[in-house]
Amino acid sequence: MTTGPTVGGNGDDDAFRFEPYRHPAAGWGAAKSVSRFLARERTFLDGPRAVMRMNHEGDGFDCPGCAWPDDLKGLHLDICENGIKHVTWEMTHKRVDRDFFAAHTVAELSRWSDAALEDRGRLTEPMRYDPGTDRYVPITWAAAFDLVGRTLRELDEPDQAAFYTSGRLGNEATFLYQLLAREFGTNNLPDCSNMCHEASGRALQASLGTAKGTVDLKDWEVTDALFVIGVNAASNAPRMLTSLVEAYKRGAQIVHINPLVEAAARRAIIPHEFTAMATFRSTPTSTLNLQPRIGGDMALLRGMAKVVLDDARTDRDALDAEFIARHTTGFEAYRALCEATPWAEIERQSGVARADIAKAAQVYRQADRSIISWCLGVTQHDHGVDTAREIVNLLLLRGNIGREGAGPSPVRGHSNVQGNRTCGIDHRPASEFLDRLADVCEIDPPRKHGLDTVGTVEAMHRGDVQVFVGMGGNFALAAPDTPYTFAALRKCRLTVHVSTKLNRSHLVHGRDALILPCLGRTEKDRQRSGVQATSVEDSMSMVHLSVGMKRPASAHLLSEPAVIAGIARATLPDSATPWEWYVDDYDRIRDTMSHVLDGFEDFNRRVRLPLGFRIRQPARELVFDTPSGRAEFSTAALPDVVPAAGQLVLGTMRSHDQWNTTIYSDNDRYRGVRNLRTLIFMNAADMAERGIDSFTAVEITSIARDGSTRSLPGYTAIPYDIPRGSAAGYMPEMNVLCAIGDYSTQSNQPLMKNVRITVRPTP
Ligand SMILES: Nc1nc2c(c(=O)[nH]1)N[C@H]1C(S)=C(S)[C@@H](COP(=O)(O)OP(=O)(O)OC[C@H]3O[C@@H](n4cnc5c(=O)[nH]c(N)nc54)[C@H](O)[C@@H]3O)O[C@H]1N2
Ligand SMILES: Nc1nc2c(c(=O)[nH]1)N[C@H]1C(S)=C(S)[C@@H](COP(=O)(O)OP(=O)(O)OC[C@H]3O[C@@H](n4cnc5c(=O)[nH]c(N)nc54)[C@H](O)[C@@H]3O)O[C@H]1N2
Ligand SMILES: [Mo]
């Protein structure tokens, strides 16, 4: 590995290079990257054809990428580089078949890189681990279901099983999956949301009585000021660039709050704007960038509120007094708290000067309507719930909720992660939901709360959970504390993964293990009554149908609902639930869902409307389902986020060329990196202080709350525009540094953006 930057043109395409990216986001760079990717996956013809059907009103399939909503106008193809990569990744012509498994032992595959594993293509038939030969060998679906059913029935109690969901799963499969878990007798339903937006859900529920954002794309189109906090939009929600460009063009203010100045905070060219592409005409996507220290957002937001409250002494328009009086509670206590918080503390904790905070505050103050959006930069902290509530506090001050162009707008991750929660994946289900489920489905669901992601890892480690079922995802790598999580999975009696591609979780398995291959979202799902559609919910509560049109990657694949029904029948032989009947026609699942789920009345008809439907949301209509019946201000103390002397705070994040644990390449185009992932972005002064030269090898050591340490050797230090005391690098590799016990006491979310570390030159 080269450790110095080789600046362009030496002909060696694999060498590490670092050159600041100076081009607009999206545009030609994205187009070039897409064509290289299509060539690699050999989907030059199918890829573009599929993309034409993606996010298409009526008969297309939903982009399996992020949860950003489709363009409501439905007029132009709203596509993005990463969505295309994502679809192409699923449609690859490469296959992992029985010959492949016969040729490689698990021990050998375990030495492959994660990228190499997934790059082998789509899984083709069910496989069972054979300890005698250390290989996966073919098994029939019937025998596989029987093995799962038998093992589950042999458990002493249902809580010895856990059913994980990755946010790709469609709503109908989701509903069947939670029904299976609850009919079996457990609420152990950990999901990827436990690692991403758990904090947002809890905060919004407490403040507004809804666990979701309240705005939609139409609001984005008319708002006066957009605040984008802790999101790398150009990579992780690229279609947001369209909204940012349009907002800028109509004169809206756009404030980015992020320790890094990401590509979306500079300029962009929108892919469907062909003239702009042809003439290289880009549009700015930011009017103000603030760079807080990692974890400093809450102090910054409180500073903004303090300015607004200060202004209110002399200017009646600074606050929406009528809104506050009529719709909120706790305002006086919040005002007192802001007044009592000294500027010195706000500046120190946020790492941003008072004058700069005041600039953002004035943008907010001057705007008639504001939207605040956020993602993992806010949530993956100890105080993630408090920070998301502080966002709501700020919005409430000027009545920025329940009217057009205003409100909170969390940017969700996986394409259906929000739908999963709506449709029952929740380890802490509400009793009203369970009551209705019991009524409609005639089951007796357990009332005891179940385990979330961290809880599941710990319980497996203790031996309390013995069967792990993963419905999609790559739990072994996504969860914190990699060696600990590996050990936990290896203690299981049985691990089951329903997957589309080979990944690390298949190799880190229980005593018995199954890989069950399923259809992807792009593929035609044919059941007894014909071709089926599934529904998904985007970040803005829009539910619409998705219909795959590709021939399945293998004739042996089953749909996710069919896999769940197969497991259910084998596990609950006497179940009165008509599992097979549901799978024959997904309309029947939707009918049942319409009786159980709030806002899903008349589901089958409404989901077939051209753009689907928006789930009714009381907070949008100023009806707050909170204990007080009002929107509730919160008054949390500012956390101390300043690292101890000698330490840094590390935020783990995604590169441009990856999808969570799926690594497309070792490049991170917008951050100027080629061919390296084992890197750490640091402030140059922090490097100098530690005697670290640019692009040289370092060892990173994390210090957990319990004092234990974990290390990653052989990393490369990259000088970067990041505040002092903060550092950044890539997940999932850096999960090695995240201690299992270091999760938020507010949300149970692992502190993936808040790892205390020391860095030193490799001796
Ligand atoms: N192409 C692609 N798209 C994706 C994904 C993917 O892996 N690839 N993943 C999907 C999923 S599941 C999710 S949840 C989302 C994740 O989307 P993001 O939240 O954008 O994910 P991260 O890459 O973790 O980046 C977080 C951002 O937070 C910033 N940050 C770090 N710490 C702080 C902080 O303390 N404060 C602030 N204000 N900012 C901070 C980082 O600089 C970075 O810009 O994206 C979804 N979309
Ligand atoms: N350190 C650190 N760790 C993190 C994060 C972080 O920011 N920092 N982010 C966290 C977040 S936000 C998330 S969401 C998790 C992600 O956690 P997961 O959702 O568990 O992981 P993914 O990488 O998205 O899962 C990829 C796998 O999903 C399978 N798959 C793909 N499509 C389908 C499908 O249609 N059906 C089925 N059944 N399987 C499919 C493939 O086999 C693929 O290998 O990671 C978390 N981990
Ligand atoms: Mo996520």
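Keep in mind the model is a prediction, meaning the values are calculated, not measured.

Caption draft 1: Structural view of the sheet that holds strand β15 (residues 407-410). A sheet is described by the order of its strands in space; here five strands give the open sequence β12-β9-β8-β14-β15, paired in parallel fashion. Each of the sheet's edge strands pairs with one partner strand only, and the pair in question is β12 (288-290) and β15. For this sheet, the mean inter-axis angle between neighbouring strands, taken without regard to orientation, is 15 degrees. Bridge count for strand β8 (residues 225-229) against strand β9 (residues 253-257) is five bridges, and the pairing is parallel. Across the sheet, the residue bridging to F227 is V255, located in β9. Strands β14 (370-374) and β15 of the sheet are contacted by helix α9 (residues 198-208), whose axis makes an angle of about 160 degrees with β15.

Caption draft 2: Fine view of the site of ligand 2. Near ligand 2, the surroundings consist of 31 residues, among which Y164, S166, R168, E560 and T661 are the closest. Here an oxygen atom of ligand 2 and a side-chain polar atom of K753 are 3.3 Å apart. Contact with the protein chains removes 98% of the 920 Å² of surface that ligand 2 exposes when unbound. Here the residues of the shell around ligand 2 are counted per class, giving 12 nonpolar, 13 polar and six charged. Here the shell around ligand 2 spans two domains, and each of domain 2 (95-192 + 424-611) and domain 4 (648-761) adds at least three residues to it.

Caption draft 3: Broad picture of the nonpolar core. With 61 residues, the main nonpolar core has F163, Y177 and L180 as its most contacted residues. Ranked by the residues each element gives to this core, the list is headed by helix α8 (residues 171-184), at eight residues. In this structure, Y177 is in contact with F163, Y164, T165, L169, I425, V469, G470, M471 and I564, ignoring residues within four places of it in sequence. Residues A225, A367, L395 and F624 belong to the second largest nonpolar core, which totals 55 residues.

Caption draft 4: Up close: the site of ligand 1. In the region of ligand 1, 29 residues are neighbours, and E262, G295, D297, Q658 and N660 sit closest. With respect to ligand 1, the backbone of G230 contributes an N or O atom lying 3.4 Å from a nitrogen atom. I257 places a main-chain nitrogen or oxygen 3.2 Å from a nitrogen atom of ligand 1. Protein chains bury 98% of the 920 Å² of accessible surface belonging to ligand 1 in isolation. Contributing elements (two or more residues each) for the shell around ligand 1: α11 (233-236), α19 (376-379) and β26 (658-659).

Caption draft 5: Spotlight on the UniProt feature "domain: Molybdopterin dinucleotide-binding" (unreviewed entry) in the protein. Under the local residue numbering, the UniProt record ascribes the feature "domain: Molybdopterin dinucleotide-binding" (unreviewed entry) to residues 648-703. From the first C-alpha to the last, residues 648-703 spans 10 Å; its make-up is 11% helix and 41% strand.

Caption draft 6: Local environment of unusual backbone geometry. Backbone torsion omega between M731 and P732 reads -5 degrees, so that peptide bond is classified as cis. In this fold, P732 is placed in the loop between β32 (726-730) and β33 (755-761). Of note in this structure, L622 is not a glycine but carries a positive phi near 65 degrees. Its place among the elements puts L622 in the loop between β23 (613-614) and β24 (631-632). Taking the relative accessible area as the measure of exposure, L622 reaches 27% and is therefore partly exposed.

Caption draft 7: Examining the pairing of β14 more closely. Counting buried positions along β14 gives five out of five residues, so the element sits mostly inside the fold. Covered by surrounding structure in β14 are S370, I372 and W374 together with I371 and S373, the residues of both alternating faces. Examined bridge by bridge, β8 and β14 share five bridges and lie parallel to one another. Counterpart to I229 in the pairing with β14 is W374. The sheet contact formed by β14 and β15 spans four bridges and is parallel. The residue of β15 that forms the bridge with I371 is G407.

Thresholds, definitions, all that
Throughout this document, residue positions are counted from 1 along each chain, in the order its sequence is written. A letter from A marks each chain and a number from 1 marks each ligand, given out in the order of writing. pLDDT decides what is reported in this predicted model: residues at 70 or higher carry local features, side-chain atom pairs at 80 or more are listed and counted, and totals for whole chains, interfaces and linings draw on all residues regardless. Hydrogens and water molecules were not included; the side-chain quantities draw on all heavy atoms of the structure. Any two strands are treated as partners once DSSP identifies two or more bridges connecting them. Numbered from the N terminus, helices here are DSSP runs of H or I no shorter than four residues, and strands are runs of E no shorter than two. Note on method: axes are straight lines fitted to C-alpha atoms, helices fitted across the in-contact stretch only, with angles between N-to-C directions ranging 0 to 180 degrees. Contacts between residues were defined by any pair of non-hydrogen atoms, one from each residue, lying within 4.5 Å. By convention in these notes, a residue is near a molecule or strand provided one of its non-hydrogen atoms lies within 4 Å of it. Polar contact criterion, stated in full: a pair of N or O atoms within 3.5 Å, where within protein one must be able to donate a hydrogen and the other to accept it, and residues adjacent in sequence count only if both atoms are side-chain atoms. Computed by Shrake-Rupley with a 1.4 Å probe, the accessible areas treat only the displayed protein chains as cover when residues are assessed. Polar here means any residue outside two lists: the nonpolar Ala, Val, Leu, Ile, Met, Phe, Trp, Tyr, Cys and Pro, and the charged Asp, Glu, Lys and Arg; Gly therefore counts as polar. Domain boundaries shown here were taken from an automatic or database domain assignment. We call a set of buried residues a nonpolar core when its members are Ala, Val, Leu, Ile, Met, Phe, Trp, Tyr or Cys and they connect through side-chain atoms within 4.5 Å of each other. Burial classes: relative accessible area under 20% of the type maximum marks a residue as buried, over 50% as exposed, and values in between as partly exposed (1.4 Å probe, protein chains only). UniProt positions are given in the numbering used here, feature names are shortened, and annotations may be inferred rather than shown by experiment.

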